[in-house]
Amino acid sequence: THGLFFENNLVANYQKTGILLYPMPGGNQKALSNIFTNISGSGVQNGAIGIGVGENTDIENNIIQKSYRGIYNVNPSTVSSDYNLFWNIQELISGQPLIGDSNIIADPMFVKDTIPTSGGSYDFHLQAYSPAIDKGDPNILDKDGTRSDIGLYGGPLGETYTYQDLAPLAPRNLSAIVDSNNITVRW
């Protein structure tokens, strides 16, 4: 079987689309154990992962964050998406890809979630207690033999590392509103 397997990559800082998958004759496509972050642009077919007209596309174990759109699909009957983590996405999906029950919408809790730049200081390893730890496809194992983590360092091509238990970040955009005898705090 022929196909395209896009695995264990960091895709960051694109203006329209992170990756666009088109079919391979007689094969299938997989986007597996990647991180897509800081993908901007709000056009009709812009997003972290784009799917062209084709067959047999599986999107699993990816972290998709800080993007206008997570996944867009031209042909809705051929794409399955499961065991992914979405965070800070304006429009989760477009074009009706088949979304599984094991997707997560939560902060992935990276060690240092800064905009990746050449020579910059960032670290997309997962912190201890991340909702992405051991939440990938149960049929895919990490290098240490446990259930796959979601994201760049998960799966058989990932790496084994110690999860850091870092102190929580200070609240951002902290505000308080007094209404009658109630105080509403948001951050």
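In the block above lies the structure referred to throughout.
If you're wondering where the values come from, they're calculated on a predicted model, not measured in any experiment.

Reading the values: the criteria
- Residues numbered from 1 in each chain as written.
- Predicted model: local features only at pLDDT ≥ 70, side-chain atom pairs only at ≥ 80, totals over all residues.
- Heavy atoms only, no water.
- Salt bridge = Lys/Arg side-chain N within 4 Å of Asp/Glu carboxyl O.
- Helix = DSSP H or I, 4+ residues; strand = E, 2+ residues; numbered from the N terminus.
- Buried < 20%, exposed > 50% of the residue type's maximum accessible area, 1.4 Å probe, protein only.
- Phe/Tyr/Trp six-rings, centres within 6.5 Å; stacked < 30°, edge-to-face > 60°.
- 1 Å grid on protein atoms, 1.4 Å probe; cavity = no way out; pocket = protein on both sides within 12 Å on 5 of 7 lines; lining within 4 Å.
- Points joined across faces, edges and corners; volume = space filled by probe spheres on them.
- Nonpolar A, V, L, I, M, F, W, Y, C, P; charged D, E, K, R; others polar.

**Looking at the pattern of salt bridges**
Here comes step 1: Counted by the stated rule, this structure contains 3 salt bridges.
Here comes step 2: Among the ionic pairs, Lys30 bridges to Asp58, the shortest N-O distance being 3.4 Å. One end of the pair, Lys30, is in strand S4 (residues 27-32); the other, Asp58, is in strand S7 (residues 57-60), with 28 residues separating them in the sequence.
Here comes step 3: A relative accessible area of 24% means that Lys30 is categorised as partly exposed.
Here comes step 4: Linking Asp113 and Lys66 is a salt bridge whose minimum nitrogen-to-oxygen distance equals 3.2 Å. Here Lys66 lies in strand S8 (residues 63-73) and Asp113 lies in the loop between strand S13 (110-112) and strand S14 (123-126), a separation of 47 residues in the sequence.
Here comes step 5: A residue is classified by how much of its surface remains accessible, and Asp113, at 29% relative accessible area, is partly exposed.
Here comes step 6: The exposure class assigned to Lys66 is partly exposed, which follows from its relative accessible area of 27%.

**Topic: the packing of aromatic side chains**
Here comes step 1: Summed over the entire model, instances satisfying the criterion amount to 5 aromatic pairs.
Here comes step 2: Pairing Phe6 with Phe36 gives two aromatic rings, centres 6.5 Å apart and planes at 25°, and the pair type is stacked. Pair noted here: Phe6 is in strand S1 (residues 2-7) and Phe36 is in strand S5 (residues 35-39), with a separation of 30 residues, a long-range link.
Here comes step 3: With a relative accessible area of 22%, Phe6 lands in the partly exposed category.
Here comes step 4: Overall, the relative accessible area of 0% leaves Phe36 in the buried class.
Here comes step 5: Seen in terms of ring centroids, Phe110 and Phe124 are 4.9 Å apart; in terms of plane orientation they differ by 85°. Their pairing is edge-to-face. Taken together, the residues span a long stretch of sequence, with Phe110 in strand S13 and Phe124 in strand S14 at a distance of 14 residues.
Here comes step 6: Judged by its relative accessible area of 5%, Phe110 is buried.
Here comes step 7: Taking the relative accessible area as the measure of exposure, Phe124 reaches 2% and is therefore buried.
Here comes step 8: Here the aromatic cluster, defined as three or more aromatic residues joined through ring pairs, consists of Phe110, Tyr122 and Phe124.

**Some points on the layout of surface pockets**
Here comes step 1: There is about 610 Å³ of room inside the largest pocket.
Here comes step 2: What lines the largest pocket is a set of 20 residues, among which Asp107, Asp113, Gln127, Leu169 and Arg172 lie closest to the centre.
Here comes step 3: Ranked by the residues each element gives to the lining of the largest pocket, the list is headed by S13, at 3 residues.
Here comes step 4: Looking at the lining of the largest pocket, its residues break down into 11 nonpolar, 4 polar and 5 charged.

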